[in-house]
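# Structure at a glance
What follows is each chain in one-letter form.
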Protein chains: 2
Amino acid sequence: MNAPDKAIEGAETAPDATLRQFSGYVMKRAVAVVRNDINAALTPLGLRMFSFSALVVIVDNPGLRQAQLADALAVERPNVVSVLDDLQSRGLVRRGRAPGDKRAYALEATEAGQDLCRQALQVVTEHEARVTHGLDEGQRLALIRALSIMEQTGRAPAGREDDDES
Amino acid sequence: MNAPDKAIEGAETAPDATLRQFSGYVMKRAVAVVRNDINAALTPLGLRMFSFSALVVIVDNPGLRQAQLADALAVERPNVVSVLDDLQSRGLVRRGRAPGDKRAYALEATEAGQDLCRQALQVVTEHEARVTHGLDEGQRLALIRALSIMEQTGRAPAGREDDDES
DNA sequence: TCACTTAGATATCGTTTGTATCTATCATTA
DNA sequence: TAATGATAGATACAAACGATATCTAAGTGA
């Protein structure tokens, strides 16, 4: 039944071989897989990729404001509101008063939030080991570095040629 | 205006430094940037990342069926229907009759579809050059290879240790 | 012929993320 | 100090993406 050779007439190995030349295509496919795995891993903790990220940033940066959190996570400000509502309602995060500005909140993780963060970091570290199992550490670091560079390059105004940021 | 030193108390360089250890996080951020750029580049052609991908696969694999297209793009079958409706209504793709199976279609690109595909490939190639401008070719290929490996690793049943696929 | 499977279409939902707008509160200055 | 404009967060809404469930028509096999 399973014909190992499912060659489509004059197809070049894979039907999407042309697309696989482009990093964006391969990235999109890889992200889908990784997101599924990481969300499955975090579900038992009541977290998703995004709420996990928010929690980690808050734990690491006590006193952070919501707008700074949004900036750090590269999303628009409204997107953090419901996540914080959730984390706060579960007693993981407090929206403390920002000193000297009654509009703003100073975000901080509770003890429970820090505990959960530690657990989640372990879960995600295991996830990372799982999905990068096919890479050695040098490849893994090179991957992260390359992705970071691409993010920055793509965020820069298109058409600019100067890389200086001194 | 721009205070170059926005150090947050005892923050470690970047507020999301912890998260940047994880490939999934960096991938997600990079994908967002790349997707925006590629979609902006394709908009003048009336394409998006996904319809572009579908068009390329159809051009490369004449006679392909919808289910095979969905498989090739790693999405569920309903997701290709509306994209094909669009491509077909614009005269870029034909849903020809599949020989010997009246349920199935044999997809093929029209002349116009092939033309547009060529243009789109050029646009996307330029996009690729733009976003990978910070990488040399070796890094770019290593990135693509690493992402492919991760996709495959992550798709494999979790917890398995055997890599054999003979 | 009857039961089962498969290709594609339709309907619907969930997630993720963005834009626009509202409010309270700042900060500035006439 | 009152008016103006900017900013922090909340709310409402919408667009894009992708999945599941189910329907139909057509194929397959006992």
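As the structure is a computational prediction, the values presented were derived from the model and not from experiment.

A count of helices and strands for chain A gives six helices and two strands. For chain A, the N- to C-terminal ordering of α and β elements is α-α-α-α-β-β-α-α. With 166 residues in all, chain A has 44% of them scored as buried. Look at the contacts in chain A between residues 6 or more apart in sequence, and 50% of them connect residues 24 or more apart.

Next up on the list: the interface of chain A and chain B. The accessible area lost on association of the parts is a frequent measure of interface size. On the chain B side, the residues contacting the 61 residues of chain A number 61 residues. Both faces combined, the contact of chain A with chain B buries some 5600 Å², and carbon together with sulfur accounts for 67% of it. Joining chain A to chain B, the criterion identifies four salt bridges. With its nearest N and O atoms 2.9 Å apart, the salt bridge here joins Arg 29 of chain B to Glu 151 of chain A. Between chain A and chain B we count 14 residue pairs in polar contact (both at pLDDT 80 or more) in total. Elements represented by at least two residues in the side of chain A that touches chain B include exactly helix H1 (23-42), helix H2 (49-60), helix H3 (66-73), helix H5 (111-131) and helix H6 (137-155) of chain A. No other element matches the 12 residues that H6 of chain A contributes to the side of chain A that touches chain B.

Leu 69 of chain A together with Leu 69 of chain B are the most contacted members of the largest nonpolar core, which has 93 residues in total. If sequence neighbours within four positions are ignored, Leu 69 of chain B has contacts with Ala 54, Val 57, Ile 58, Leu 64, Val 80, Leu 84 and Leu 107 of chain B.

Attention now moves to the relation of the copies chain A and chain B. Between chain A and chain B, the superposition needs a rotation of 180° and an axial shift of 0.0 Å, giving an RMSD of 0.1 Å. On the angle and the small slide along the axis, the relation comes out as a two-fold axis. Residue Leu 143 of chain A of chain A places its C-alpha closer to the rotation axis than any other residue of that unit, at 2.8 Å.

Around DNA strand C sit 19 residues in total, of which Asn 79 and Lys 102 of chain A together with Gln 66, Ala 67 and Arg 103 of chain B are the nearest. Restricting the count to atoms of DNA strand C within 4 Å of the protein gives a sugar and phosphate share of 69%. The backbone of Ala 67 of chain B places a nitrogen or oxygen atom 2.7 Å from a phosphate oxygen of DNA strand C. Broken down by element, the surface near DNA strand C gets its largest block of residues, three residues, from strand S2 (residues 101-109) of chain B. Across the surface near DNA strand C, the residue classes tally to seven nonpolar, three polar and nine charged.

Conventions adopted
Residues numbered from 1 in each chain as written. Chains lettered and ligands numbered in written order. Predicted model: local features only at pLDDT ≥ 70, side-chain atom pairs only at ≥ 80, totals over all residues. Heavy atoms only, no water. Helix = DSSP H or I, 4+ residues; strand = E, 2+ residues; numbered from the N terminus. Buried < 20%, exposed > 50% of the residue type's maximum accessible area, 1.4 Å probe, protein only. Contact = heavy atoms within 4.5 Å. Buried area = accessible area lost by both parts, 1.4 Å probe. Salt bridge = Lys/Arg side-chain N within 4 Å of Asp/Glu carboxyl O. Polar contact = N/O pair within 3.5 Å; in protein donor to acceptor, adjacent residues only side chain to side chain. Core = buried A, V, L, I, M, F, W, Y, C linked by side-chain atoms within 4.5 Å. Least-squares fit on C-alpha atoms with pLDDT ≥ 70 in both. Near = heavy atom within 4 Å. Nonpolar A, V, L, I, M, F, W, Y, C, P; charged D, E, K, R; others polar.

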